[in-house]
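# An overview of the molecular structure
Here are the chains, one letter per residue:
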Amino acid sequence: MNAELQIIPRLLSALAIGILIGIERGWSGKQEDENDRVGGIRTFSLIGLLGGIWALLSDEAGNLALVLAFFTVTVLAITSYIVDTRKSGDIGTTTVYAKMLTFGLASWACLGYPMYALGTTVFVVAILGTKPVIHTWLHSLRREKIYTGIRILIVSLILLLALVIIISETTGE
């Protein structure tokens, strides 16, 4: 395929990433007045396109241009967060991180990894959309359950490490 035509699916992937995350963020903030929300479909779509375009431009301008674009988006997201926090009193940082992730995932898609970026986006949207479920689950946890889970993880890690050592010694690597 012509190199110029390869840009189209990559940019569409970047846009899709922004749209998917934007739909979730817009939906989660649907109770707020439209002027009080710090990001929805339009904002996240633009952040996705911005990340994709700067990733493509980094081929010509160098990686520093992409880093500076990411830094700029991050500063704008933090500034928006500060203004919104002063107005609403809500100190949640999830949307700031979602904006940064949108830029990064869109860039990743345009750098040649659209399937990985889109797959990761599905997980991001799932995590963002399950806030009530996660919070309910966390509130139901008891200290004993947490410590039991940690002990199981430690034993599992030790067993996994032992298995890796045994396999590496038997294969000579």
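Shown above is the structure to which this text applies.
A few points on the structure. (Residues numbered from 1 in each chain as written. Predicted model: local features only at pLDDT ≥ 70, side-chain atom pairs only at ≥ 80, totals over all residues. Heavy atoms only, no water.)

Here we come to the overall build of the protein. Within the protein one finds 7 helices and 0 strands. N-terminal to C-terminal, the α/β element order of the protein is α-α-α-α-α-α-α. For 173 residues, the compact-globule estimate of 2.2 N^0.38 gives 16 Å, and the protein exceeds it by more than 25% at 21 Å. A principal-axis box enclosing the C-alpha atoms of the protein has dimensions of 50 × 50 × 25 Å. For the protein, buried positions account for 25% of its 173 residues. Counted over contacts in the protein with a minimum sequence separation of 6, partners at least 24 positions apart contribute 71%. (Helix = DSSP H or I, 4+ residues; strand = E, 2+ residues; numbered from the N terminus. Rg over C-alpha atoms; globule rule 2.2 N^0.38 Å. Buried < 20%, exposed > 50% of the residue type's maximum accessible area, 1.4 Å probe, protein only. Contact = heavy atoms within 4.5 Å.)

Side chains of Ile146, Tyr147, Ile150, Ile154 and Ile158 sit close together on the surface and give an oily, nonpolar patch of about 470 Å² of accessible area. For Ile146, the location among the structural elements is in helix H7 (residues 143-171). For Ile146, a relative accessible area of 40% gives the class partly exposed. (Patch = residues over 30% accessible without salt bridge, like charges linked within 9 Å, V, L, I, M, F, W, Y side chains within 5 Å. Areas by Shrake-Rupley, 256 points an atom, 1.4 Å probe, with all protein chains shown as cover. Salt bridge = Lys/Arg side-chain N within 4 Å of Asp/Glu carboxyl O.)

Let's shift gears to the packing of aromatic side chains. Applying the stated criterion across every chain yields a total of 4 aromatic pairs. Ring centres of Phe70 and Phe103 lie 5.7 Å apart, and the angle between their planes is 50°; this geometry places the pair in the tilted category. On the criterion of sequence distance, the pair formed by Phe70 in helix H3 (residues 63-88) and Phe103 in helix H4 (residues 94-110) is long-range, its members being 33 residues apart. Relative accessible area serves as the criterion here: at 30%, Phe70 is assigned to the partly exposed category. Here Trp108 and Tyr116 contribute two aromatic rings whose centre-to-centre distance is 6.1 Å and whose plane-to-plane angle is 20°, an arrangement assigned as stacked. The exposure class of Trp108 is partly exposed, given its relative accessible area of 33%. Taking the relative accessible area as the measure of exposure, Tyr116 reaches 54% and is therefore exposed. Put simply, the rings of Trp108, Tyr113 and Tyr116 pair up and form one aromatic cluster. (Phe/Tyr/Trp six-rings, centres within 6.5 Å; stacked < 30°, edge-to-face > 60°.)

Moving on, we come to the pattern of salt bridges. This model, assessed by the stated rule, comprises 1 salt bridge. With a closest N to O distance of 2.8 Å, Glu24 and Arg25 form a salt bridge. Arg25 matches Glu24 in its accessibility class, with the two residues each being buried.

Another aspect to go through is H3. The end-to-end C-alpha distance of H3, which contains 26 residues, comes to 37 Å, matching closely the 38 Å that a straight helix rising 1.5 Å per residue would cover. Residues of H3 that are buried include every one of Ala65, Leu66, Ala69, Val73, Thr74, Ala77, Asp84 and Thr85, and no others. For H3, the elements touching its buried residues are helix H2 (41-61) and H4. Just past H3, the residue Gly89 takes up positive phi, approximately 85°. (Expected span 1.5 Å × (residues − 1).)

The subject of this paragraph is the packing of helix H5 (residues 114-129) against helix H6 (residues 131-140). As a packed pair, H5 and H6 sit with axes 5 Å apart at the nearest point and diverge in direction by 60°. With respect to each other, H5 and H6 are oriented oblique. Listed contacts from H6 to Ile127, Leu128 and Gly129 of H5 are Lys131, Pro132 and Ile134. Among the residues forming the contact of H5 with H6, the class breakdown is 4 nonpolar, 1 polar and 1 charged. (Axes fitted to C-alpha atoms, helices over the stretch in contact; angles between N-to-C directions. Parallel < 35°, antiparallel > 145°, perpendicular 65-115°, else oblique. Nonpolar A, V, L, I, M, F, W, Y, C, P; charged D, E, K, R; others polar.)

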